[in-house]
Amino acid sequence: LGIGLGQAAPEPLVPGVLVHGRASELDPLAWLRRNSGEPPLLALRELDLVVERFRLGDRSLGEVAIEAGARDGTMLMTLEGPALAGSLNWDRDRPVPLSLYLQRFLWPAPEPAAATASSPRTVQDSGSLRPGQWPALELRVDRLEAARWPLGALDLEAGPHADGGC
């Protein structure tokens, strides 16, 4: 299945989903919450997408170009934008299936509408995304900033525990 967003749909040469084009907004965390635990209808084979507002919850990382493809049972993805750049590898057959390497991750301050003093702070229900259900992961960030404060580099390895925590 070929899907073209703002352009002609690509012609698939192999079974699966191919998505090419532009999108005004994407929040991958919201998508994961909605689709967690449900089998995908078709395997994502290729993604070539420019997202104008790449969101992570209430934060926007601005424009991000995403390229991804499935090869030999592994999903390889590159992300490129002013606030986010790096690669993600997903391979269910590895002991640590998720590897994320970022050259930069510049976590912005909340947008003004989300940061008003009169609005109470709430914690969103993560639905079926519980830390104990997350896969083991490796994370490396070379340049980490939060609200324009430089924090340096980050190396993290995490995995689920028997008690349901991470």
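Residues numbered from 1 in each chain as written. Predicted model: local features only at pLDDT ≥ 70, side-chain atom pairs only at ≥ 80, totals over all residues. Heavy atoms only, no water.

Overview of the overall build of the protein
No. 1: A tally of helices and strands in the protein yields one helix and ten strands.
No. 2: In sequence order, the secondary structure elements of the protein are arranged as β-β-α-β-β-β-β-β-β-β-β.
No. 3: For the protein, the exposed surface amounts to about 10900 Å²; the carbon and sulfur share of it is 58%. (Helix = DSSP H or I, 4+ residues; strand = E, 2+ residues; numbered from the N terminus. Areas by Shrake-Rupley, 256 points an atom, 1.4 Å probe, with all protein chains shown as cover.)

Section: the pairing of strand β10 (residues 149–158)
No. 1: In terms of burial, β10 is largely open, as just zero of its ten residues are buried.
No. 2: In terms of strand pairing, strand β9 (residues 137–146) meets β10 through eight bridges, oriented antiparallel. Bridge pairing in β10 links L139 to L156. (Buried < 20%, exposed > 50% of the residue type's maximum accessible area, 1.4 Å probe, protein only. Pairing = 2+ DSSP bridges.)

Regarding the pairing of strand β6 (residues 74–80)
No. 1: For strand β5 (residues 64–71) and β6, the ladder comprises seven bridges, and the chain directions are antiparallel. By the bridge assignment, E67 is partnered in β6 with T78.
No. 2: Linkage of β5 to β6, two consecutive antiparallel strands, is achieved through a turn of two residues, within which D72 is found at a positive phi near 50 degrees.
No. 3: In sequence, β6 turns back onto strand β7 (residues 84–90) through a hairpin of three residues.

Regarding the nonpolar core
No. 1: Counting 26 residues, the largest nonpolar core has F54, L61, I66, L84 and F105 as the members making the most contacts within it.
No. 2: Those elements giving two or more residues to this core turn out to be β2 (17–26), β3 (44–56), β5, β6, β7, β8 (98–107) and β9.
No. 3: If sequence neighbours within four positions are ignored, L84 has contacts with F54, L61, V64, L79, L102, R104 and F105. (Core = buried A, V, L, I, M, F, W, Y, C linked by side-chain atoms within 4.5 Å. Contact = heavy atoms within 4.5 Å.)

Thoughts on the pattern of salt bridges
No. 1: A full pass over the atoms with the stated rule returns nine salt bridges.
No. 2: Across the salt bridge formed by R22 and E63, the nearest N and O atoms sit 3.2 Å from each other. On the criterion of sequence distance, the pair formed by R22 in strand β2 and E63 in the loop between β4 (59–60) and β5 is long-range, its members being 41 residues apart.
No. 3: When the shortest N-O distance is used, the salt bridge between R59 and D58 registers 3.0 Å.
No. 4: The class for R59 is buried, based on a relative accessible area of 13%.
No. 5: Here the salt bridges do not stand alone but share partners, grouping R22, E52 and E63 into one network. (Salt bridge = Lys/Arg side-chain N within 4 Å of Asp/Glu carboxyl O.)

Overview of the packing of aromatic side chains
No. 1: Under the definition given, this model contains one aromatic pair.
No. 2: Look at F105 and W107: their rings are 5.7 Å apart centre to centre, the planes differ by 40 degrees, and that puts the pair in the tilted class.
No. 3: We classify F105 as buried; its relative accessible area is 17%. (Phe/Tyr/Trp six-rings, centres within 6.5 Å; stacked < 30°, edge-to-face > 60°.)

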